[in-house]
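The residues making up each chain are set out below.
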Amino acid sequence: MPNIKSAIKRVKTNASANEQNAHNKSTMRTAVKKAETASLNNEENAKDLILSAIKQVDKAASKGLLHKNTAARKKAQLMKKA
């Protein structure tokens, strides 16, 4: 643990940012998996799940959790399965 006050603050803010980033990335991954399984099983709500997954991918890309090209590739793969 650091002794300098500003370093202590950075540790706290980094921990909270890491927690938030992990939550957002996990939510995105879950949405993508749900959309993929729904499209494989030809479920009725597959299109809605795909749209929500695309929204989550965009959100993750805007927050810097995904590179923009990675996000574009994931969205293209999801739209292909629609």
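Residues numbered from 1 in each chain as written. Predicted model: local features only at pLDDT ≥ 70, side-chain atom pairs only at ≥ 80, totals over all residues. Heavy atoms only, no water.

So what exactly am I meant to see when it comes to the pattern of salt bridges here?
Oppositely charged side chains can pair when the atoms bearing their charge come close. Tallied over the full model, the rule gives two salt bridges. The salt bridge partner of Glu-36 is Lys-81, with a shortest N-O separation of 3.5 Å. A residue pair is termed long-range when its members are at least 10 positions apart, and Glu-36 in helix H1 (residues 5–40) and Lys-81 in helix H3 (residues 68–81) qualify at 45 residues. When the shortest N-O distance is used, the salt bridge between Asp-58 and Lys-75 registers 2.8 Å. Separated by 17 residues along the polypeptide, Asp-58 in helix H2 (residues 46–62) and Lys-75 in helix H3 bring together distant segments of the chain. (Salt bridge = Lys/Arg side-chain N within 4 Å of Asp/Glu carboxyl O. Helix = DSSP H or I, 4+ residues; strand = E, 2+ residues; numbered from the N terminus.)

Sorry if this is basic, but what is going on with unusual backbone geometry here?
Residues other than glycine predominantly adopt negative phi, and peptide bonds predominantly adopt the trans conformation. Phi is positive for Asn-42, close to 50°, though the residue is something other than glycine. Here Asn-42 lies in the loop between H1 and H2.

Explanation requested: the packing of H1 against H3 in the structure shown.
How two helices pack is summed up by the angle between their axes together with the distance between the axes. Between H1 and H3, whose axes approach to 9 Å, the crossing angle comes to 25°. With respect to H3, the axis of H1 lies roughly parallel. Seen along the crossing, H1 lies across H3 with a hand that is left-handed. Across the interface between the two elements, Met-28, Val-32, Ala-35, Glu-36 and Ser-39 from H1 touch Lys-74, Leu-78 and Lys-81 from H3. A per-class count over the contact of H1 with H3 returns four nonpolar, one polar and three charged. (Axes fitted to C-alpha atoms, helices over the stretch in contact; angles between N-to-C directions. Parallel < 35°, antiparallel > 145°, perpendicular 65-115°, else oblique. Left-handed = near helix turned anticlockwise from the far one by under 90°. Contact = heavy atoms within 4.5 Å. Nonpolar A, V, L, I, M, F, W, Y, C, P; charged D, E, K, R; others polar.)

What's the story with the nonpolar core in this structure? I'm lost.
Looking at soluble globular proteins, one finds that nonpolar side chains tend to be buried together. Core analysis: the largest hydrophobic core is formed by 13 residues, its most contacted members being Met-28, Val-32, Ala-53, Val-57, Leu-66 and Leu-78. Those elements giving two or more residues to this core turn out to be H1, H2 and H3. Contacts of Leu-66, omitting those with residues within four sequence positions, involve Met-28, Val-57, Ala-60, Ala-61, Ala-71 and Lys-74. (Core = buried A, V, L, I, M, F, W, Y, C linked by side-chain atoms within 4.5 Å. Buried < 20%, exposed > 50% of the residue type's maximum accessible area, 1.4 Å probe, protein only.)

Honestly, the side chain of Ser-39 in this entry has me stumped. Any pointers?
Tracing the backbone through its elements, the reader meets Ser-39 in helix H1. Within the local environment of Ser-39, its side chain forms a polar contact with the backbone oxygen of Glu-36, the two atoms lying 2.9 Å apart. Here Ser-39 is in contact with Ala-46, Ile-50 and Lys-81, once residues within four sequence places are set aside. (Polar contact = N/O pair within 3.5 Å; in protein donor to acceptor, adjacent residues only side chain to side chain.)

Explanation requested: H2 in the structure shown.
Three or four residues apart is the spacing at which side chains of an α-helix point the same way, because the helix has 3.6 residues per turn. Given a rise of 1.5 Å per residue, 17 residues ought to cover 24 Å, and the 24 Å separating the end C-alpha atoms of H2 matches this to within 8%. Regarding H2, the residues found buried are Ala-46, Ile-50, Ala-53, Ile-54, Val-57 and Ala-60. Looking down the long axis of H2, one finds its buried residues gathered within 125° of arc, a one-sided arrangement. Facing away from the buried surface of H2 by more than 90 degrees, the exposed residues are Asp-48, Leu-51, Lys-55 and Ser-62. At its buried positions, H2 is contacted by H1 and H3. Backbone geometry just downstream of H2 places Gly-64 in the positive-phi region, at approximately 85°. (Expected span 1.5 Å × (residues − 1). Arc of directions from axis to C-beta.)

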